[in-house]
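So the chains spell out like this:
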There are 2 protein chains.
Amino acid sequence: MSTLSSTVQITATSPAPAETALDAVPELVAAAVAAGQRWAATSRADRAGVLDAVADALDAAGDDLVPLAMAESHLPEGRLRGELQRTTFQLRLFGEVLREGAYLDVRVDHADPAWPMGAPRPDLRRTQVPLGPVVVFAAVNFPFAFSVAGGDTASALAAGCPVLLKAHPGHLRLSVATADVVRGALTAAGAPDDLFTLLVGDEAGRAALTDPGVQAGAFTGSTVGGRTLFDLATSRPVPIPFFGELGSVNPVFVTRAAAEARGPEIASQAVASFTLGVGQFCTKPGVLLVPEGSSVLEALRTAELPGAAPMLSDRMVSGHNRVRHELEELPHVSVLARSADGEDATPGPTVLLTDVASLLADVEELFRECFGPTLLVATYAGEADLLALAQAIDGQLTASVFGEESDVPALGELVTVLGTKAGRLLWNGWPTGVSVTYAQQHGGPYPATTAPSTTSVGTAAIDRFLRPVAFQGFPQALLPAELRDAAALPTRVDGTLQRPGATA
Amino acid sequence: MSTLSSTVQITATSPAPAETALDAVPELVAAAVAAGQRWAATSRADRAGVLDAVADALDAAGDDLVPLAMAESHLPEGRLRGELQRTTFQLRLFGEVLREGAYLDVRVDHADPAWPMGAPRPDLRRTQVPLGPVVVFAAVNFPFAFSVAGGDTASALAAGCPVLLKAHPGHLRLSVATADVVRGALTAAGAPDDLFTLLVGDEAGRAALTDPGVQAGAFTGSTVGGRTLFDLATSRPVPIPFFGELGSVNPVFVTRAAAEARGPEIASQAVASFTLGVGQFCTKPGVLLVPEGSSVLEALRTAELPGAAPMLSDRMVSGHNRVRHELEELPHVSVLARSADGEDATPGPTVLLTDVASLLADVEELFRECFGPTLLVATYAGEADLLALAQAIDGQLTASVFGEESDVPALGELVTVLGTKAGRLLWNGWPTGVSVTYAQQHGGPYPATTAPSTTSVGTAAIDRFLRPVAFQGFPQALLPAELRDAAALPTRVDGTLQRPGATA
């Protein structure tokens, strides 16, 4: 792959791409269906190689793509280069997942005439097949990692599904350029034509989501936008799964002991976390619970907050400022600290203050996502307040607890309750920064997601785009390779999990 | 458990139970929520013991329950005793699943400062937690195995979820009696009160499904009924997963070689399968494809069909007869063989005849479920017809291929296409009889189910009621037992699957 060179033609001053014509959508979906049939039949090793090739091409195009991303997203170069690294790492990680094959959850039950169910057990072998074409709705806040070649695309392609990628209007030129790199790499690597298709425009996205050829949707964005698409997907004549990652407040619970031991440190970390990326993360900590009179409060009040910085779009600015204004206007909410707003109403980081009793009295109004650099601090009197709040909130992507060793024996119930509310719990950690790993869980009950049993980050994200199929009594030659007797995959054989090499 | 004796008080002549009062539903759900908190905190071993106790109690009550089931379902004793055996086997099998623990899909990523994503990897450990209260809508056609103590109940309880069971009106007395046995066994085994609640009446079922405390729904029944409930579940302010198993035609494809080699045998097996249980199975073969002029046709025409037998209810009779009538009235459909209808319009087994071209010309009208003892035979000219039909049909629970060794090389594409349409493929096997095993897949694309990535039969059915949670940087004492360093479960450690005992 050392001969790779970028073929990116588009620049920040190129005209914005035209919207995809609505009447072109059925043909694009039909082409994706056809590509999907070939792709599903491509071996796992070959699919892994294709993902690697896409990653290599994106890495090679970094010097062209990153400036485009900077111009359209207003995010700094370092962040975007890091995000591109995360994106290509993710593609290669799914390649590893394919080569290993355990994600297929292969199960082989040999025929058993004495099966105690009361009837003989046939030979049954179960694997997973791809769902088919997926419409992915790109997010605005990660122009690489949750956009054209991001986690949804990587995991859908890995699963064996074609992708129709609805570009986010916040970075259309980057989307076209990235899609060109992806399509070029796919073609060069021998993948089927039309395995990956870029769609521009909300109407085209909705048309694709409701096209009978499409089998699933994936989305990262706002609760309102995600719910609208979820409703479309589930109200089709043939409803399809819709994996939406929507909104989250990501509460952080600080124990009295932790506040006493590390108040100023927690305060400065909180500032770093809620202002990171101008607060434009779905995992931004939105509510921080600290004991009344804690040094965290004084440290926040006197913290040196960063200045106002550009947000991703004017829409982000107005959306953030509206919610911040509504929060500020509520009784029992005051401003603890703030930086001055910048030009064009660009918000300065703001720390608001309330108390848990007020929060509990009006959870819907006060405990809500304010996407951008605003943090609501709520003081509490006793540990029971923490438990009461944990019980009162709705689904979250994350919940964090800051505690000391001495707190551990008393925190079991709080952690258990938070486990019923969030997809990821953190101990003495901030929720921003979502590592792409095997054990990651980026999901949670609604409204964190529309599919609480799934994750959009980490290797388990591939599971969303697969469906089990059992083969009963089949001859070896007609079985998928992974179900044949000679397959060397982790397999559940007659109920017992076997490691590679240990199977017959 | 040798002291178990039945406490069943209800008989076939007892008055029908009253409908659950609508205004009682919120309290019942609240009690289930509270029970669920205790149940989720119950160890896997203890939960397994409770499932065993329920199975033992049901076995002990068989002599009381089976006569009730016979009176209400009109099914014969042998079938019902076998079904009860299947039901209690299933409860105990989920106990085994709990004791082993691999269903938790435990993943442990140790902290890694050099993680190639570009940022250090934290310590992340992922397990599964129960979703919370599940409303299960019982099916009519399996008064034990898909009803009060059936697969949905067993897998939800195993997952750690409380169950609100909406009784099927087709066997209300049996439902009350079974629920009494279940609740008595749960209490005796020390399970939380209100872990299992019986609901009577459609309105109570709908009220429970839309109660904010309920986290999932499960259903086995008709496409119309299931879709209505799916729409309710997904249109809630907080939508919840709805696992509906709806309708399926279960096509059977017979190759020319198989028809030539075993025509009469295939015909007699087809008759046995489509008339089994008076055709009242979701896996009843509804369409049989045979080559033109095949001996299968003559064998079917002259087959000794069983006589008319009672169906589960008058509603079943009228539903079957309406669809059968509509099929018969279509052009290009004739009657190949039939038994006379019985009293009260009880249908005699009927074999209808058409050809694949007609089927393809009107798939929606002709390729449809006729729940009861009717089979539509379609003749084909060439193998291409089989592929064309496979491509034209919608989602199925099963698809079967009857072929000879000599067919194998040519059948790859047909099997691949059928794999995109059905949850279970059978080779030289009839779809009726769904074995409860580790590798079973009883599901499929819509309208076979509303959740194509799930199964309602087999050990994987437990996955429906679980949700992953990742713990980041937690001290050992606050981790769920299965995530601690000393846990001896099958675990993915730093990306590599480890068997029990091999972990640190």
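Keep in mind that this is a model prediction, so the values were computed, not measured. (Residues numbered from 1 in each chain as written. Chains lettered and ligands numbered in written order. Predicted model: local features only at pLDDT ≥ 70, side-chain atom pairs only at ≥ 80, totals over all residues. Heavy atoms only, no water.)

Enquirer: I'd like to hear about the domain arrangement of chain A, residue by residue, with values.
Expert: Residue and element names in this part refer to chain A. For chain A, the assigned domains are domain 1 (22-246 + 453-465) and domain 2 (252-427). Facing nine residues of domain 1, the contacting portion of domain 2 comprises nine residues. Around 850 Å² of area is buried between domain 1 and domain 2 when both sides are counted, 64% of it from carbon and sulfur atoms. Taken together, domain 1 and domain 2 are joined by zero salt bridges. Split into classes, the residues belonging to the side of domain 1 that touches domain 2 amount to three nonpolar, three polar and three charged. (Domains from an automatic or database assignment. Contact = heavy atoms within 4.5 Å. Buried area = accessible area lost by both parts, 1.4 Å probe. Salt bridge = Lys/Arg side-chain N within 4 Å of Asp/Glu carboxyl O. Nonpolar A, V, L, I, M, F, W, Y, C, P; charged D, E, K, R; others polar.)

Enquirer: I'd like a rundown of helix α8 (residues 223-234) of chain A, residues and numbers included.
Expert: Compared with the 16 Å implied by 1.5 Å per residue over 12 residues, the 16 Å span of α8(A) between its first and last C-alpha is a close match. When we look at burial in α8(A), the residues that qualify are Gly226(A), Arg227(A), Leu229(A), Phe230(A), Ala233(A) and Thr234(A). Along the long axis of α8(A), the arc covered by the buried residues comes to 165 degrees, so they all point the same way. Lining the buried residues of α8(A) we find β3 (134-137), α7 (202-209), β6 (216-220) and β7 (242-245) of chain A together with α8 (223-234) of chain B. (Helix = DSSP H or I, 4+ residues; strand = E, 2+ residues; numbered from the N terminus. Expected span 1.5 Å × (residues − 1). Buried < 20%, exposed > 50% of the residue type's maximum accessible area, 1.4 Å probe, protein only. Arc of directions from axis to C-beta.)

Enquirer: Which residues make up the pairing of β6(A), and what values do they have?
Expert: Residues and elements named next belong to chain A. Within β6, five of the five residues are buried, which leaves the element mostly enclosed by the surrounding structure. Relative to β6, β3 is paired through four bridges, and the arrangement is parallel. Looking at β6, one finds that Val135 is bridged to Gly217. Looking at chain direction, β6 and β7 are connected through four bridges and run parallel. Looking at the pairing, Ala218 lines up with Phe243 of β7. (Pairing = 2+ DSSP bridges.)

Enquirer: Just give me the short version of the sheet that holds strand β11 (residues 350-355) of chain B, but keep the residues and values in it.
Expert: Whether parallel or antiparallel, the strands of a sheet pair through hydrogen bonds between backbone atoms. Pairing is mixed in the open sheet, where 12 strands are placed in the order β17(A)-β16(A)-β1(A)-β2(A)-β15(A)-β14(B)-β13(B)-β8(B)-β9(B)-β12(B)-β11(B)-β10(B). Two strands in the sheet have a free side with no partner beyond their single neighbour: β17 (496-498) of chain A together with β10 (334-338) of chain B. Sheet twist, expressed as the mean angle between neighbouring strand axes with direction ignored, is 25 degrees. The sheet contact formed by β11(B) and strand β12 (residues 374-380) of chain B spans six bridges and is parallel. Looking at the pairing, Asp355(B) lines up with Thr379(B) of β12(B). (Axes fitted to C-alpha atoms, helices over the stretch in contact; angles between N-to-C directions.)

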